[in-house]
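# Residue-level structure breakdown
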Amino acid sequence: MNIPFLTLARQVAELRAELVGALEGVVDSQGFANGPAVAVFEQELARYLGVREVVALNSGTSALHAALVCAGVGPGDEVVTVAHTWISTAWAVSYVGARPLFVDVDRATCGLDPSLLEKSLSPRTRAILPVHLYGHPVDLDPVLEVAGRHGIPVIEDCAQSIGARYKGRMTGGFGLVNATSFYPGKNLGALGEGGAVLTDDAGVAARARRLRDHAQDGRHHHVEIGFNWRMDGFQGAVLSVKLRHLERWNARRGEIARLYLEGLAGVVGLTLPRPQPWADPIWHIFPVYYERRDALRTALEERGVQTGVHYPRPVHLQPAYANLGLGAGSLPVSELLARTEVSLPMFPELTDAEVGRVVQAVRDACRSTGA
């Protein structure tokens, strides 16, 4: 039998009765847009993360957009962020009329390299947007120190890191306003699209709540240009069910990562992730790096192991951002990761036996491809 890169079938089968009951509750209450189930989920997630406010939205992309609006970023501004990420990070910057200023990533964390941050700032910098990629936190203390000295807000992109901890504290609570995604494949995934703004600032949360509902401050009273960013009630109900299992799922991901790290140590040509001592990653993705990536993926497919790639072309080399004038070689670490990254199967329902099969397949494939 093939081992999938990701399947939700096992999780849905386990939770089917809970999920169906939650969906029926929304049907009975008719709280389809925002509604009671969304409000309950917001409160539960805020308690879990240790933040004052969660504002649920219709996608992670909308959450990033809302975070930038609420941080006061607008046309002519610059936002320091990374190019080794899903493109929504950059879309949100463009949506507010600002310019993404890409800095390279740290090889160990795959997130923003703090040593490059200060020299990237300009008088037009209005926000710093680090991405906790693959579920591993960015080294936030030096980022926050630079940001604090320059009076620039930090916005965490937590789309892949809900439940991850930086020095014992959950990601999503360090920046002025932060964003996450509940896309179905995330560690905490909806049965459709979803996202949220996370903040300790009551004023930011109040504005995000207005903006998501056409900027209404009272019915039919629109105080600024607003959006239709409401989360539907079904997703709120589903996410409340899944949140109760998140710590268990993340712990299992950690066990799988340990088996990979131990089983693949010393494989010639294969570079493994390096979790940092101050981080408790949640392993949304388990990335390995191999120069002959296509050959490795083909060899693994022949051995019944499916893989993914995150992300094969960094944002600064996407046609949509050619106007920035950043050619190949401008962000060498990001480009190295984009060229060599392979994502191994990672979901909490994987069995130890399946992980063992993946480990053996990778070891055999690396020998046969000879990177």
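This text goes with the structure placed above it.
Residues numbered from 1 in each chain as written. Predicted model: local features only at pLDDT ≥ 70, side-chain atom pairs only at ≥ 80, totals over all residues. Heavy atoms only, no water.

Turning our attention to the pairing of strand E11 (residues 341-344). Taking every second residue as pointing to the same face, both faces of E11 are buried, with Glu-341 and Ser-343 on one and Val-342 and Leu-344 on the other. As paired elements, strand E10 (residues 286-289) and E11 share four bridges and run antiparallel to each other. Residue Tyr-289 lies in a different strand from E11, and its bridge partner there is Glu-341. (Buried < 20%, exposed > 50% of the residue type's maximum accessible area, 1.4 Å probe, protein only. Helix = DSSP H or I, 4+ residues; strand = E, 2+ residues; numbered from the N terminus. Pairing = 2+ DSSP bridges.)

Attention shifts here to the nonpolar core. Residues Tyr-260, Leu-264, Leu-270 and Leu-344 are the most contacted members of the largest nonpolar core, which totals 28 residues. Contributing elements (two or more residues each) for this core: helix H8 (246-263), E10, helix H9 (293-302), E11 and helix H11 (352-369). Broken down by element, this core gets its largest block of residues, seven residues, from H11. Setting aside chain neighbours within four positions, we find Leu-264 in contact with Leu-270, Leu-272, Leu-344, Val-359, Val-362 and Arg-363. If you look at the next biggest cluster of nonpolar residues, it comprises 27 residues, including Ala-63, Ala-92, Val-204 and Trp-229. (Core = buried A, V, L, I, M, F, W, Y, C linked by side-chain atoms within 4.5 Å. Contact = heavy atoms within 4.5 Å.)

Here we have three strands laid out as an open sheet, ordered E3-E2-E4, and parallel in their pairing. At either end of the open sheet lies a strand with only one pairing partner, and these are strand E3 (99-103) and strand E4 (125-128). On average, adjacent strands in this sheet sit at an angle of 35° to one another, irrespective of strand direction. One ladder, built from three bridges, connects strand E2 (residues 78-82) with E4; its direction is parallel. Bridging across to E4, Val-79 finds its partner in Ala-127. (Axes fitted to C-alpha atoms, helices over the stretch in contact; angles between N-to-C directions.)

Opposite charge on two side chains permits pairing when their charged atoms draw close. Applying the stated criterion to the full structure yields 20 salt bridges. Between Glu-42 and Arg-212 there is a salt bridge, with the nearest N and O atoms lying 2.8 Å from each other. Linking Glu-42 in helix H2 (residues 35-49) with Arg-212 in helix H6 (residues 202-212), this pair joins segments that are 170 residues apart in sequence. Judged by its relative accessible area of 8%, Arg-212 falls in the buried class. In this structure, Glu-78 and Arg-99 form a salt bridge, with 3.6 Å as the shortest nitrogen-oxygen distance. Taken together, the residues span a long stretch of sequence, with Glu-78 in strand E2 and Arg-99 in strand E3 at a distance of 21 residues. On the accessibility criterion, Glu-78 (3% relative accessible area) is buried. The exposure class assigned to Arg-99 is partly exposed, which follows from its relative accessible area of 37%. Through salt bridges that share partners, Glu-42, Glu-53, Arg-209 and Arg-212 make up one connected network. (Salt bridge = Lys/Arg side-chain N within 4 Å of Asp/Glu carboxyl O.)

Now for helix H4 (residues 88-95). For H4, every residue scored as buried is listed here: Ser-88, Thr-89, Ala-90, Ala-92 and Val-93. Of the residues one or two after H4, Gly-97 is the one with positive phi, at around 85°.

This next bit is on the packing of H9 against H11. The contact between H9 and H11 brings their axes to 9 Å, and the two run at 130°. Here H9 lies oblique to H11, going by the angle between them. Our pair here, H9 against H11, has a crossing hand that is right-handed. For the pair H9 and H11, contact is made by Ala-295, Leu-296, Ala-299 and Leu-300 and by Ala-361, Val-362, Ala-365, Cys-366, Ser-368 and Thr-369, respectively. A class-by-class count of the residues in the contact of H9 with H11 yields eight nonpolar, two polar and no charged. (Parallel < 35°, antiparallel > 145°, perpendicular 65-115°, else oblique. Left-handed = near helix turned anticlockwise from the far one by under 90°. Nonpolar A, V, L, I, M, F, W, Y, C, P; charged D, E, K, R; others polar.)

Another point: the side chain of Gln-160. The residue Gln-160 is located in the loop between helix H5 (140-150) and strand E5 (165-166) in this model. Gln-160 sits in the buried class, given a relative accessible area of 7%. Looking at Gln-160, its side chain comes within polar contact range of the main-chain nitrogen of Tyr-134, at 2.6 Å. Contacts of Gln-160, omitting those with residues within four sequence positions, involve His-132, Leu-133, Tyr-134, Gly-135, Lys-186, Ile-282, His-284, Ile-285 and Tyr-311. (Polar contact = N/O pair within 3.5 Å; in protein donor to acceptor, adjacent residues only side chain to side chain.)

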